[in-house]
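Here's the letter readout for the chains.
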Amino acid sequence: MPGPATGAPPLSLNPEQRAAVHYLGGPLLVLAGAGSGKTRVITEKIAELLRSGHQAERIAAITFTNKAAREMRERVGKLISKDAAEKLLVCTFHALGLRFLSIEHAAAGLRRGFTVLDADDSFAILKDLSPKAQKNDYYDLMRQLVGRAKDEGLTPDEALAAARSPRELQAAELYQAYQKRLHTFNAVDFDDLIAIPDRLLRENEELRLRWRERLSYLLVDEYQDTNRTQYRLLKELVGPRGGFTAVGDDDQSIYAWRGANPENLNTLTVDFPNLKVIKLEQNYRCSGRILRCANAVIGNNPHLFEKRLWSAHGDGEPIRILNCRDDTHEAERIAAEIVFRRDQQKAPWSDFSILYRGNHQARALEQALRLARVPYHLSGGQAFFDRAEIRDVLAYLRLIANPDDDAAFLRAVQVPKREIGTITLEKLATLAGSKNLSMLKAAESVEVQKQLAARPGSQVAEFAQLFRHWREAGSRMGAGDLTALVLQESGYAQHLMAGLKDPEARARRDENLQELVRFLREADKGKDGLSTLTNQLALINFSDRDDPGNAVRLSTLHAAKGLEFRHVWLVGVEDGTLPHHGAIEEGRLDEERRLFYVGITRAKDTLTISTSLQKKRFGEMERLKPSRFLRELPEADVRQEGDDPEKEAEEKRERSLSHFARIADLLK
DNA sequence: ACGATTTTCAGCATC
DNA sequence: TGAAAATCGT
């Protein structure tokens, strides 16, 4: 059996890594190619900062997901003491902003117990404030425009002044109404967690100096994924001293579509003339051929910074291109290959991964893997909890913590059904508005209750009474116990159970609810109060505590960033899928190519790229062509397998020709 | 107020 | 095609 092309990473740092770890003299940008050991550099650098006299609690390491933050903290804990790792600020930009606002809420015009609204809640508010009877496109456009104004750091007034088209004016007005509503809710949205601290730091010198003192060094991971606001916040926090390290890779920028601004890499060189740039170009992950393919593909993109990855590994196996009839055939073949290779190599299932462009592509693969009895794990899939359940329970807790949180009120009041319908809610909202009260406070008011019809009035009163009771109970117990109480007394637990007849499903759901209570008991250990807890919960995504275990990993290319596998299958590499239709039409091929590049560089030992000649799309069979990106691969490193599309087409032509010839013969 | 039926939409998805 | 949202009907 041939040994793997890859080996364990070396124990000592290479010269560039070492330089990046030891350079503390000023602002530093580390351009870390795929598989070049950037996480190692960040963790080693934290250890170096501690050695050189920085206090742990004044070092912040910013990641893009909570999962990454958790893993980073773990790795630092192993490298240095666990105690010091606990003191470090390892979190996302948003969590840092939340911490900032919890301390500085007065300066931000927020009262204690303010709420962080999630994306669904804030979108619902935008919809509610928009002119009625609009198409979905309209809301999406408005959300986009409001989001852009926020990203540019404009206040509603500034956005109104800057509006240059009727559309922008509409959006600016909506933005104004939206912020006003957030204010009355005593709430902020995700963007505000970055934008408000940024604005406060710019406008308030005392605050600025205090926070620059509070944080002595900042490390930012996945820097190419930062947006404009995050960059501004970073700049305010580090000040002219520039005590920071940004680590990123423009070739792995795949989130521009949701606001990331890879230009931030360039901006850094302008805003910090003394910026030092270090490139990490040695790849420790991929075989020689895989890396050559990756380099060849990404070489077709424009670059802010030139870099060329190299590897000390051997060539390894050629990259295989698998030509399949359709996506079902493709899935079956891959499932069979995985079963075969696992037996042959005695490798664990978790060495194998299948990556694709869109979530819907997972369906055929799942089916084939199930049939072949291959254990698999769908990353990003809501494996454990129904998200609706979590959000419902969270809404109850939010409303207990902040009675002004109308978004939470509207959610909690409607599940379980308690005979308070849209008409009653509309009346209640109008009454609340005229008296300048939040929904819950209006519901508590006897005066308001009297203005409603008898039956709805008493239902509303009963609902309000529950919350008075829970708020009082909450002062005596932790969040876990309070949740158990709320689940019982609200009838929510019963409501969830009622929907299920199957005793097994009931048991599973009951176990899930108990798990939630346990989780909250554990999470509340810090006992910072209910609102801190619910706000932190708003920032974490419950599916991200997934443990893939020993299973084949199915993932979108986006979700695969940062992961690596010995054997990777890249499926559906056809024009229209990768690059995606919309991207082709709008000429945005660069980001699609980077996506392909990210996929290629996930593989350590073997890479298989597959394409289908046809697949079903919107119910209709569609003929497909292999992706234009395949032509960018170096021929010497790839091997075609399966039905060659050109050969197949030719055979078909011949078949039909001879068919016609025969008919012609008969007609003679 | 709620379940049944029709319409709509189809890319990635963090905090 | 198939899931989710919007609308209809009692």
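Above this text you will find the structure in question.
Residues numbered from 1 in each chain as written. Chains lettered and ligands numbered in written order. Predicted model: local features only at pLDDT ≥ 70, side-chain atom pairs only at ≥ 80, totals over all residues. Heavy atoms only, no water.

Colleague: For this particular structure, what's the right way to read the overall build of chain A?
Modeller: Scanning chain A for helices and strands turns up 29 helices and 18 strands. With the principal axes as the frame, chain A shows a C-alpha extent of 95 × 75 × 55 Å. Across chain A, every contact between residues at least 6 apart in sequence was considered, and the portion connecting residues at least 24 apart equals 78%. Surface exposure of chain A reaches about 32300 Å², of which carbon and sulfur atoms provide 51%. Within chain A, one finds 99 positive and 98 negative side-chain charges whose respective centroids are separated by 1 Å. (Helix = DSSP H or I, 4+ residues; strand = E, 2+ residues; numbered from the N terminus. Contact = heavy atoms within 4.5 Å. Areas by Shrake-Rupley, 256 points an atom, 1.4 Å probe, with all protein chains shown as cover. Lys, Arg positive; Asp, Glu negative; His and termini not counted. Charge placed at Lys NZ, Arg CZ, Asp CG, Glu CD.)

Colleague: Teacher, can you tell me more about the protein's contact with DNA strand B here?
Modeller: Near DNA strand B, the surroundings consist of 24 residues, among which Arg357, Asn359, Lys417, Thr556 and Glu592 are the closest. Each atom of DNA strand B within 4 Å of the protein was classed as base or backbone; sugar and phosphate made up 49%. At a separation of 3.0 Å, a phosphate oxygen of DNA strand B approaches a polar backbone atom of Asn66. Within the side chain of Arg357, a nitrogen or oxygen atom sits 2.3 Å from a base nitrogen of DNA strand B. Residue composition of the surface near DNA strand B, by class: 7 nonpolar, 11 polar and 6 charged. (Near = heavy atom within 4 Å. Polar contact = N/O pair within 3.5 Å; in protein donor to acceptor, adjacent residues only side chain to side chain. Nonpolar A, V, L, I, M, F, W, Y, C, P; charged D, E, K, R; others polar.)

Colleague: Sorry if this is basic, but what is going on with the nonpolar core here?
Modeller: Within soluble globular proteins, side chains that are nonpolar generally end up buried alongside one another. Core analysis: the largest hydrophobic core is formed by 46 residues, its most contacted members being Phe409, Leu428 and Phe467. At 8 residues, helix H17 (residues 387–401) tops the list of elements feeding residues into this core. If near-sequence neighbours (up to four positions away) are discounted, Leu428 is found in contact with Phe409, Met439, Ala442, Ala443, Val448, Leu452 and Val460. (Core = buried A, V, L, I, M, F, W, Y, C linked by side-chain atoms within 4.5 Å. Buried < 20%, exposed > 50% of the residue type's maximum accessible area, 1.4 Å probe, protein only.)

Colleague: Quick question: what am I supposed to make of the environment of Arg518 here?
Modeller: For Arg518, the location among the structural elements is in helix H25 (residues 503–523). Side chain to side chain, Arg518 and Glu511 meet in a polar contact 2.9 Å long.

Colleague: Help me out: how do you make sense of helix H11 (residues 205–214) in this one?
Modeller: Two residues of an α-helix separated by three or four positions point the same way, owing to the 3.6 residues in each turn. Within H11, burial applies to Leu207, Arg208, Trp211 and Arg212. When H11 is viewed along its axis, its buried side chains cluster within an angular range of 125° and face the same direction. Elements that come into contact with the buried residues of H11 comprise helix H5 (93–104), helix H10 (190–203) and helix H12 (228–238). The backbone nitrogen of Glu206 has a side-chain oxygen 3.1 Å away, supplied by the residue at the start of H11, namely Asn204. (Arc of directions from axis to C-beta.)

Colleague: Looking at this structure, I do not really get the packing of helix H7 (residues 136–151) against helix H9 (residues 166–185). What am I missing?
Modeller: Think of two packed helices as two axes; the pair is described by the angle between the axes and how far apart they sit. Closest axis-to-axis distance for the H7/H9 pair is 9 Å, and the angle between their directions is 75°. By the angle between their axes, H7 is roughly perpendicular relative to H9. The residues of H9 that touch H7, namely those facing Tyr138, Leu141, Met142, Leu145, Val146, Ala149 and Lys150, are Arg167, Gln170, Ala171, Leu174, Tyr175, Tyr178, Gln179 and Leu182. Considering only residue class, the contact of H7 with H9 consists of 11 nonpolar, 2 polar and 2 charged. (Axes fitted to C-alpha atoms, helices over the stretch in contact; angles between N-to-C directions. Parallel < 35°, antiparallel > 145°, perpendicular 65-115°, else oblique.)

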